[in-house]
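# Coordinate analysis (summary)
Below, each chain spelled out in residue letters.
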Amino acid sequence: MAVVEVQCPACRSREVVRYGRQANGEQRYRCNNVACERSIFLGRYRKIGRLPEVKQQMVDMALNGSGIRDTARVLGVSPMTVISTLKKKRSRSTK
Ligand SMILES: [Zn+2]
């Protein structure tokens, strides 16, 4: 199991692993701290926008005609994150 850069909101532990997804695509996480009461929480955190797979999803959704706000809402990131990600992708792929 891979440890990701997410902090548990209950105990502040960084020993957190991905734990599947909600039906709406929202990432769930599980806290590995045995003393933690909360254990499972949703990944609505800014850092999720830095994950490569989320960036790829942003690009895919944009190509499929989803708006910036729709993309941001579905992926649980801010609209600014989507905009900056798409700009970076575009400048990298065009020469
Ligand atoms: Zn915890």
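Everything that follows concerns the structure shown earlier in this document.
Here we summarise the structure given alongside this text.

The rules behind these values
Residues numbered from 1 in each chain as written. Predicted model: local features only at pLDDT ≥ 70, side-chain atom pairs only at ≥ 80, totals over all residues. Heavy atoms only, no water. Helix = DSSP H or I, 4+ residues; strand = E, 2+ residues; numbered from the N terminus. Buried < 20%, exposed > 50% of the residue type's maximum accessible area, 1.4 Å probe, protein only. Phe/Tyr/Trp six-rings, centres within 6.5 Å; stacked < 30°, edge-to-face > 60°. Polar contact = N/O pair within 3.5 Å; in protein donor to acceptor, adjacent residues only side chain to side chain. Contact = heavy atoms within 4.5 Å. Donors = N, O, S within 2.8 Å, 3.2 Å for Na, K, Ca; no water. Tetrahedral: all angles 85-135°; square planar, octahedral: opposite > 155°, others 65-115°. Pairing = 2+ DSSP bridges. Axes fitted to C-alpha atoms, helices over the stretch in contact; angles between N-to-C directions.

What follows covers the environment of Ala10. Looking at the element boundaries, Ala10 is found in the segment before strand E1 (16–21). You can call Ala10 partly exposed: its relative accessible area is 45%. Expressed as a C-alpha distance, the spacing of Ala10 and Phe41, which sit 31 residues apart in the sequence, is 9.1 Å.

The subject of this paragraph is the packing of aromatic side chains. The final tally for this structure, using the stated rule, is one aromatic pair. For the pair Tyr29 and Phe41, a centre-to-centre distance of 5.9 Å together with 25 degrees between the ring planes defines the contact as stacked. Separated by twelve residues along the polypeptide, Tyr29 in strand E2 (residues 27–31) and Phe41 in strand E3 (residues 40–42) bring together distant segments of the chain. Just as Tyr29 is buried, Phe41 falls in that class too.

Another aspect to go through is the side chain of Thr85. Checked against the element boundaries, Thr85 lands in helix H3 (residues 79–93). A polar contact is formed between the side chain of Thr85 and the backbone oxygen of Thr81, at a distance of 2.7 Å. Other than its neighbours up to four places away in sequence, Thr85 contacts Lys55 and Met58.

This part is about the coordination of the zinc ion. For the zinc ion, the full set of protein donor atoms is Cys8 (SG), Cys11 (SG), Cys31 (SG) and Cys36 (SG), at a range of 2.2 to 2.4 Å. What the four donor atoms of the zinc ion show is an angle range of 101 to 114 degrees at the metal, which sorts the shape as tetrahedral. Binding-site remark: the zinc ion is held by donors from one chain whose sequence spacing is C-x2-C-x19-C-x4-C. On the criterion of sequence distance, the pair formed by Cys8 in the segment before E1 and Cys31 in strand E2 is long-range, its members being 23 residues apart. The exposure class of Cys8 is buried, given its relative accessible area of 0%. Under the relative-accessibility criterion, Cys31 is labelled buried at 4%.

Sheet strands associate in pairs through backbone hydrogen bonding, adopting either a parallel or an antiparallel arrangement. Taken in spatial order, the three strands of this open sheet run E1-E2-E3, and their pairing is antiparallel. Of all strands in the sheet, those bounded by a partner on one side alone are E1 and E3. Sheet twist, expressed as the average angle between the axes of neighbouring strands with direction ignored, equals 35 degrees.

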